Amino acid sequence: MKTIREIRNNELNALLELYIHLHESGIPEDSEHLQKTWESICTDVNHHIIVCELNGKIVSSCVCVIIPNLTRNIRPYAFIENVVTHEHYRGRGYATDCLCYAKELAQKENCYKMMLLTGSKEEKTLHFYRNAGYNSSDKTAFIQWL
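Let us look at the structure shown here. All of these numbers come straight from a predicted model, not from anything done at the bench.

**Considering the overall build of the protein**
Here's step 1: Tallying secondary structure elements over the protein gives four helices and five strands in all.
Here's step 2: Ordered by position in the sequence, the α and β elements of the protein form the string β-α-α-β-β-β-α-β-α.
Here's step 3: Expected size for 146 residues packed as a compact globule is a radius of gyration near 15 Å; at 16 Å, the protein falls within 12% of this value.
Here's step 4: By its C-alpha atoms, the protein is 40 × 35 × 35 Å across when sized along the principal axes.
Here's step 5: Looking at the protein residue by residue over its 146 residues, the buried ones come to 32%.
Here's step 6: Considering only contacts in the protein between residues 6 or more positions apart, those separated by 24 or more positions represent 60%.
Here's step 7: For the protein, the exposed area adds up to about 9900 Å²; of that, 50% sits on carbon and sulfur atoms.
Here's step 8: Charged side chains of the protein number 16 positive and 18 negative; the gap between the two group centres comes to 9 Å.

**Some words on the sheet that holds strand E2 (residues 47-54)**
Here's step 1: Spatial strand order, E1-E2-E3-E4-E5: five strands in an open sheet with mixed pairing. Two strands lie at the open edges of the sheet, namely strand E1 (2-6) and strand E5 (114-116), each paired on one side alone. This sheet shows a mean twist of 25° between the axes of neighbouring strands, independent of strand direction.

**Concerning helix H3 (residues 94-108)**
Here's step 1: In this model, H3 (15 residues) spans 21 Å end to end at C-alpha, consistent with the 21 Å of a helix rising 1.5 Å per residue.
Here's step 2: Buried residues along H3 sit in contact with E1, E2, strand E3 (57-67), strand E4 (77-85), E5 and helix H4 (123-131).
Here's step 3: Following H3 by one or two positions, Asn110 adopts a phi angle in the positive range, close to 65°.

**Quick notes on helix H1 (residues 12-19)**
Here's step 1: Three or more residues of H1 are buried, namely Leu12, Leu15, Leu16, Leu18 and Tyr19. Here the buried residues of H1 occupy an arc of 155° about the axis, which is enough to place them on one side.
Here's step 2: On its buried face, H1 is in contact with helix H2 (32-43), E2, E3 and E4.

**Side note on the side chain of Thr85**
Here's step 1: Tracing the sequence through the fold places Thr85 in strand E4.
Here's step 2: At a separation of 2.8 Å, a polar atom in the side chain of Thr85 contacts the side chain of Ser60.
Here's step 3: Setting aside residues up to four positions removed in sequence, Thr85 forms contacts with Leu18, His21, Val59, Ser60, Arg90 and Ala95.

**Some points on the packing of aromatic side chains**
Any two aromatic rings considered together are summarised by their centre-to-centre distance and by the angle between their planes.
Here's step 1: For the coordinates displayed, the defined rule picks out two aromatic pairs.
Here's step 2: Relative to Tyr112, the ring of Tyr77 has its centre 6.3 Å away and its plane inclined at 75°; by these criteria the two rings are edge-to-face. Linking Tyr77 in strand E4 with Tyr112 in the loop between H3 and E5, this pair joins segments that are 35 residues apart in sequence.
Here's step 3: Taking the relative accessible area as the measure of exposure, Tyr112 reaches 25% and is therefore partly exposed.
Here's step 4: For the cation-ring pair, Lys113 lies above Tyr77, with the distance from its terminal atom to the ring centre recorded as 5.4 Å.

**Structural notes on the packing of H1 against H2**
Here's step 1: Orientation of H1 relative to H2, taken along the N-to-C sense of each, is 100°, at an axis distance of 12 Å. The angle between H1 and H2 falls in the class roughly perpendicular. Each of Leu12, Leu15 and Leu16 in H1 lies in contact with H2, whose residues at this interface are Leu34, Gln35 and Trp38.
Here's step 2: Taken together, the residues that form the contact of H1 with H2 break down as five nonpolar, one polar and no charged.

Rules of the game
Residues numbered from 1 in each chain as written. Predicted model: local features only at pLDDT ≥ 70, side-chain atom pairs only at ≥ 80, totals over all residues. Heavy atoms only, no water. Helix = DSSP H or I, 4+ residues; strand = E, 2+ residues; numbered from the N terminus. Rg over C-alpha atoms; globule rule 2.2 N^0.38 Å. Buried < 20%, exposed > 50% of the residue type's maximum accessible area, 1.4 Å probe, protein only. Contact = heavy atoms within 4.5 Å. Areas by Shrake-Rupley, 256 points an atom, 1.4 Å probe, with all protein chains shown as cover. Lys, Arg positive; Asp, Glu negative; His and termini not counted. Charge placed at Lys NZ, Arg CZ, Asp CG, Glu CD. Pairing = 2+ DSSP bridges. Axes fitted to C-alpha atoms, helices over the stretch in contact; angles between N-to-C directions. Expected span 1.5 Å × (residues − 1). Arc of directions from axis to C-beta. Polar contact = N/O pair within 3.5 Å; in protein donor to acceptor, adjacent residues only side chain to side chain. Phe/Tyr/Trp six-rings, centres within 6.5 Å; stacked < 30°, edge-to-face > 60°. Lys NZ or Arg CZ within 6 Å of the ring centre and 35° of its normal. Parallel < 35°, antiparallel > 145°, perpendicular 65-115°, else oblique. Nonpolar A, V, L, I, M, F, W, Y, C, P; charged D, E, K, R; others polar.

Set out below in structure tokens:
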């Protein structure tokens, strides 16, 4: 049974285990900082962690943050981050399902655009994002690492 939904407050550990398949080398130590960050995310009405649950296991996820905006007729925009699927479940459309859910959220919030960045140069990954409706020709992204 597959379900696409927003994460529940008690699923932090399952999410952190999934993030190992993103680019993390391990699960962060349980700390006051981790718990405060999680609480901040869970109580932020504009921060959405979308998950694909398959038979009780979270196998894919993405983050969708709705950002209030004063331009474009005061319409917000959405930022997509941390798109990940457990390596044993890739290629089955689960991340696409999460991105579709994020798009529905963005449309419901009257966003005028959705953005995402990827560090991947793999054509397979870039093709995945193009198939999900994103393009890399409208804007140029710059990142400054801190």
